Amino acid sequence: MADLIADHADIGVLIVTGGGDRAFVAGADILELSSLDGVYAGRELSLSGQDVMGRLSTLPIPVIAAINGFALGGGLELALACDVRVAAPGAKLGLPEASLGLIPGFGGTQRLARLVGMGRALDLMLTARQVTAEEALNMGLVNYVADEPLRRAREVAEQMLKNGPIALSLVKEAVRRGLDSSLEAGLEIEADLFGLTVATSDFREGTGAFLAKRRPEFKGE
Ligand SMILES: C/C=C/C(=O)SCCNC(=O)CCNC(=O)[C@H](O)C(C)(C)COP(=O)(O)OP(=O)(O)OC[C@H]1O[C@@H](n2cnc3c(N)ncnc32)[C@H](O)[C@@H]1OP(=O)(O)O
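Residues numbered from 1 in each chain as written. Predicted model: local features only at pLDDT ≥ 70, side-chain atom pairs only at ≥ 80, totals over all residues. Heavy atoms only, no water.

- In the nomenclature of an unreviewed UniProt entry, the protein is known as Enoyl-CoA hydratase/isomerase of Deinococcus gobiensis.
- As its UniProt record puts it under Sequence similarities (unreviewed entry), the protein is described as follows: "Belongs to the enoyl-CoA hydratase/isomerase family." (UniProt positions renumbered as here; feature names shortened; annotations may be inferred.)

Okay, structure coming up:
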């Protein structure tokens, strides 16, 4: 997917959703999981799933999950690797791996705790319970609840696309790298990336357009 995005410079935002109206993703195939044997095979599966989620989360464009039904296990981990989540009112979200005798292996233990805090993340993983879209909204697990999540995701994407594409990419990078650092190191990263944005034509265009009271036309340069 990263290659696909790199080859199509005109893609400004990626929206991920499920086919049909039952599920975003109901998780990894439990039949397939059941045939896993040995520590090594389990670790390899986890690493390859983490790699996919990592590629998604480090794309240089915003990624929105339109959660149109169940987002469970690996399905919620996929949504967690996105930047913004929009859920249908009837969506159910959870990390039920412990009910299968597993722990989440595609980044869920790390990304959920970073997103909603350790206490809420531990509650969800230790109970293996599913939460409604409303509960997910209240805990900050999703950003929006909308009857038509794909449509709402497109509206959010339209808002993002009005902004400078380099700025969008560097906002993601600053937040992501900063979260894994001390405050001091994170501020250093922010200053470096802020400096980069000041060197872009988009910065000239954005500030110039504001002062001229016109809409900016960003070129991603
Ligand atoms: C590292 C990553 C690890 C993981 O992701 S572990 C997997 C985490 N996911 C789960 O544990 C979810 C398992 N599925 C369910 O709990 C339920 O399903 C649902 C809540 C999603 C839906 O429940 P309902 O509406 O009652 O439908 P239904 O009859 O249970 O499911 C329809 C068919 O779909 C199959 N199915 C659902 N999820 C999975 C899955 N994750 N892997 C394999 N099969 C699945 C079922 O078995 C069934 O199949 P049939 O019609 O043949 O009885």
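**Observations concerning the domain arrangement of the protein**
- Assigned domains within the protein: domain 1 (2-160) and domain 2 (164-211).
- Once you take the C-alpha centre of each, domain 1 and domain 2 turn out to be 26 Å apart.
- At the junction of the two partners, domain 1 supplies eleven residues and domain 2 supplies five residues.
- Together domain 1 and domain 2 conceal approximately 610 Å² of surface at their shared face, both sides included; 51% is due to carbon and sulfur atoms.
- Applying the counting criterion to the domain 1 and domain 2 interface returns two salt bridges.
- If you look at where domain 1 meets domain 2, you find four residue pairs in polar contact (both at pLDDT 80 or more).
- Classifying every residue of the side of domain 1 that touches domain 2 gives seven nonpolar, two polar and two charged. (Domains from an automatic or database assignment. Contact = heavy atoms within 4.5 Å. Buried area = accessible area lost by both parts, 1.4 Å probe. Salt bridge = Lys/Arg side-chain N within 4 Å of Asp/Glu carboxyl O. Polar contact = N/O pair within 3.5 Å; in protein donor to acceptor, adjacent residues only side chain to side chain. Nonpolar A, V, L, I, M, F, W, Y, C, P; charged D, E, K, R; others polar.)

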